[in-house]
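Below, each chain spelled out in residue letters.
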Amino acid sequence: MSLHTLRDALVDEIRDLYNAEKQLTKALPKLAKGATSDELRSAFESHLEETEGHVTRLERVFELLDEKPRGKHCAGMAGIIEEGSDMLEEDAEDAVMDACLIAAAQRAEHYEITAYGTVIAWAEALELADVAEILNETLAEEKASDEKLTALALSGINEAATAGESEDEEADDDDMEEENAKSTGSEQPAMSAKGASGSRATRARGGRR
Ligand SMILES: [Fe+2]
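What counts, and where the lines are drawn
Residues numbered from 1 in each chain as written. Predicted model: local features only at pLDDT ≥ 70, side-chain atom pairs only at ≥ 80, totals over all residues. Helix = DSSP H or I, 4+ residues; strand = E, 2+ residues; numbered from the N terminus. Buried ≥ 20, exposed ≤ 12 C-beta atoms within 10 Å, placed from the backbone. pLDDT = per-residue confidence, 0-100. Contact = placed C-beta atoms within 7 Å. Expected span 1.5 Å × (residues − 1). Axes fitted to C-alpha atoms, helices over the stretch in contact; angles between N-to-C directions. Parallel < 35°, antiparallel > 145°, perpendicular 65-115°, else oblique. Nonpolar A, V, L, I, M, F, W, Y, C, P; charged D, E, K, R; others polar.

Draft legend 1. The environment of threonine 162, seen in detail. Relative to the helices and strands, threonine 162 is located in the loop between α5 (129-161) and α6 (165-184). On the basis of neighbour counts, which here come to 20 C-beta atoms within 10 Å, the residue threonine 162 falls in the buried class. The sequence separation of threonine 162 and valine 96 amounts to 66 residues, and the corresponding C-alpha distance is 7.8 Å.

Draft legend 2. View of the confidence of the model for the protein chain. Of all residues in the protein chain, 78% attain a pLDDT of 70 or more, and the chain-wide mean is 85. Note that pLDDT drops below 50 for residues 184-209; the model gives that stretch 32 contacts with residues more than four away or on any other chain.

Draft legend 3. Here's a closer look at the environment of glycine 53. As for its position among the elements, glycine 53 is in helix α2 (residues 38-64). Taking the number of C-beta atoms within 10 Å as the measure of exposure, glycine 53 has 14 and is therefore partly exposed. Residues glycine 53 and threonine 138, spaced 85 residues apart in sequence, show a C-alpha to C-alpha distance of 8.4 Å.

Draft legend 4. Layout of α2. In this model α2 runs 39 Å from its N-terminal to its C-terminal C-alpha over 27 residues, within 8% of the 39 Å that 1.5 Å per residue would give. When α2 is considered as a whole, its buried residues turn out to be Leu40, Ala43, Phe44, His47, Thr51, His54, Leu58 and Val61. Buried residues in α2 make contact with α1 (6-34), α4 (94-125) and α5. Positive backbone phi, approximately 60 degrees, marks aspartate 66, located one or two places after α2.

Draft legend 5. Main features of the packing of helix α3 (residues 75-88) against α4. For the pair α3 and α4, interaxial distance at closest approach is 10 Å and the crossing angle is 175 degrees. When the axes of α3 and α4 are compared, the pair comes out roughly antiparallel. Facing α3, whose interface residues are Gly76, Met77, Ile80, Glu83, Gly84 and Met87, α4 presents Cys100, Ala104, Arg107, Ala108 and Tyr111. Classifying every residue of the contact of α3 with α4 gives seven nonpolar, two polar and two charged.

What follows is the structure, encoded as structure tokens:
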């Protein structure tokens, strides 16, 4: 497709988004399955329902633009999803996996937020108010979903994910103490190592419930 006008570019971007949303409808159930937090799983499930609605809205946009609903492979979303799938294969502690799933999902959300921002601005420039209005409804849901993920991360998942840190840190400290003792001939550990482990361990304990 040649892009002679901004309208051509708009149709092209809508096709890209149509494909991206469809890719997400296949990826979100996998993220939901990989989540260990019930709240995170239900966040992915409810965003899956919304995403199906985003596909339908884009079909309405095609109709308003008098174009056939047709997708164009979105390599950006494919890459983000591929990284998320690779991560699901990793052997991780439950809370660490949840924290990583949030990171993967937020990458996808931010990609969409950017793309919807662009097509809304172009639709407005082309005075396609009805198209802009539909796209704005989806943008609002993408932003809300992103904020919900941030809230979930901050309401305990990130903290729970630090739970393994205290043991690791203590093991690291033992190594460090040994090394310090070797290099200085003293049993006294370095101040900075002791200080850092104190604060990390306190946070990790707070995360265990
Ligand atoms: Fe979406």
